[in-house]
Amino acid sequence: ISIAQKKTIKTIVDSAATKMIEKPLINSTSIGIVYQGQEFIGHYGELEKGKSNPPTNKTIYEIGSLGKTHTGTLIAKAVLDKKINLDDPVQKYLSEDYPNLTFESHPIRIKDLVTHTSGLPNMIPLSVNEMLKNFTKKETPTDLNNALKNYTQKDFLRDLHQIKIDTIPGYNFSYSSAGIEILAAILEKVYNKKFEVILKEYFAKHAQMSHTMINLSPEEEKNLAVGYHCAYNEITTKMATLPWGAGGSVKSTVPDMVKYIKYQLKNDAVVTESHRPLVKVNDRFSSGYCWRVTKDEKLGTLYMHHGGVPRSQCFIYIIPEYNLGVFIITNQSGENTPKDMKGTLNEIFEQIQKLK
């Protein structure tokens, strides 16, 4: 990639990002891009309305469900390490008996959790699912925090007994953060370490990521991005941590997410396994190890995920055919946020295709 091309990437991203932050509700965005081995990071707008404080490389973001792809990677590693088998029933790794995690003698397997085909509800505790249905209500972030802030792993495992599944696992795609939390519990069991330790050690070693975590130190808290919920003007509180955190509590910086993209594009044995389409959901996409695997007529096979909490939303796209990956995040979380970000990404992709 030439210096001219590198400049062109900057121009492409600057142009798309500037349009995005001009949208009524969006006041900042950060974009990390890797193209043909070259990296580019851009920060735009202001984290707080009227404060002219753009995000920086030190800004720590809540990446929400995008962190599920980190768990998917760790599960792929555990499969290659022969610590677990995709066809193992989940029950094998749980210390209490859960006859309810079976439907007509079909047990929920590891594979069903990692592909969101287990039939489990999105969230445990169940009360949270109702709150998420009313996402745009002003009280929702506070309600979510109240439901989750003292909710422990023990509480989760107790409530798991009450869940009923009503379909054979492995066929119907139904997004479940609770399923990813169970995977974290399984990883803890097979590696005999806390999930956050497994996460940090693995990505520090294999992707040189040292600013990706679940729990923040007081020093790190100072760098945590503030953000806004829907169209409300007040800064929203950060989301309470889930019992393990795998389902939506990972935090990271843009430079770390760029390293993550580079690792995904490097495509070692673990990444190759994690990208494997395990369940064909429909003609549009298959489910890999927490990755959505889709085929685009122009971009080829791509791997993507969306993340969102009440005050930030993000996307990651890994596009091997172009040796391209993009991470985009904004500190605003509303109904149109994904559409606004997708518009920005589409503009970036279209312009990059012209370079090839």
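The rules behind these values
Residues numbered from 1 in each chain as written. Predicted model: local features only at pLDDT ≥ 70, side-chain atom pairs only at ≥ 80, totals over all residues. Heavy atoms only, no water. Buried < 20%, exposed > 50% of the residue type's maximum accessible area, 1.4 Å probe, protein only. Helix = DSSP H or I, 4+ residues; strand = E, 2+ residues; numbered from the N terminus. Pairing = 2+ DSSP bridges. Core = buried A, V, L, I, M, F, W, Y, C linked by side-chain atoms within 4.5 Å. Polar contact = N/O pair within 3.5 Å; in protein donor to acceptor, adjacent residues only side chain to side chain. Contact = heavy atoms within 4.5 Å. Salt bridge = Lys/Arg side-chain N within 4 Å of Asp/Glu carboxyl O.

Asker: So what exactly am I meant to see when it comes to the pairing of strand β1 (residues 28-35) here?
Answerer: Consecutive side chains along a regular strand alternate between the two faces of the sheet. The buried count for β1 comes to 8 of 8 residues, which makes it a mostly enclosed element. Burial along β1 is two-sided: Ser28, Ser30, Gly32 and Val34 facing one way and Thr29, Ile31, Ile33 and Tyr35 facing the other are all buried. In the sheet, β1 pairs with strand β2 (residues 38-45) via 8 bridges, with the strands oriented antiparallel. Bridge pairing in β2 places Ile31 opposite Gly42. As consecutive antiparallel partners, β1 and β2 are separated by 2 residues, and within that stretch Gln36 has a phi angle of approximately 50°, a positive value. Where β1 lies against strand β13 (residues 324-330), 6 bridges are found, and the strand directions are antiparallel.

Asker: Help me out: how do you make sense of the nonpolar core in this one?
Answerer: Buried together is how nonpolar side chains tend to be arranged in soluble globular proteins. One finds Ile63, Ile75, Ile84, Leu120, Leu160, Phe195 and Phe327 to be the most contacted residues of the largest nonpolar core, which totals 70 residues. Broken down by element, this core gets its largest block of residues, 9 residues, from helix α7 (residues 177-191). Core analysis: the next-biggest nonpolar cluster, separate from the first, contains 27 residues, Ile12, Ile31, Tyr44 and Tyr322 among them.

Asker: Would you take a moment to explain the side chain of Ser252 for this structure?
Answerer: Residue position: Ser252 is located in strand β7 (residues 251-252). A polar contact of 2.8 Å, which involves the side chain of Ser252, links it to the side chain of Thr212. Apart from residues no more than four positions distant in its own chain, Ser252 is found in contact with Thr59, Ile60, Tyr61, Ile63, His211, Thr212 and Met257.

Asker: What should I look at first to understand the pairing of β13 in this one?
Answerer: Counting buried positions over the 7 residues of β13 gives 7, a clear majority of the element. Of the two faces of β13, the one lined by Leu324, Val326, Ile328 and Thr330 and the one lined by Gly325, Phe327 and Ile329 are each fully buried. As judged from the 7 bridges shared by strand β12 (residues 312-319) and β13, these two strands associate in the antiparallel manner. Pairing of Tyr317 across the sheet is with Val326, part of β13. Hairpin remark: β12 followed by β13, antiparallel, with 4 residues in the connecting loop; positive phi at Asn323, about 50°.

Asker: Is there a simple way to explain the pattern of salt bridges in this structure?
Answerer: If the charged atoms of two oppositely charged side chains come close together, the side chains can form a pair. Under the criterion given, the structure shown has 19 salt bridges. The partner of Arg158 in a salt bridge is Asp155, with the nearest N and O atoms 3.0 Å apart. Of this pair, Arg158 and Asp155 both sit in helix α6 (residues 153-160), 3 residues apart, which is roughly one turn of that helix. We classify Asp155 as buried; its relative accessible area is 17%. The shortest N-O distance in the salt bridge between Asp283 and Lys280 comes to 3.5 Å. On the basis of relative accessible area, Asp283 is assigned to the exposed category, the value being 75%. The structure contains a network of salt bridges with shared partners spanning Asp87, Arg109 and Asp112.

On their own, these measurements won't tell you what the molecule is for.
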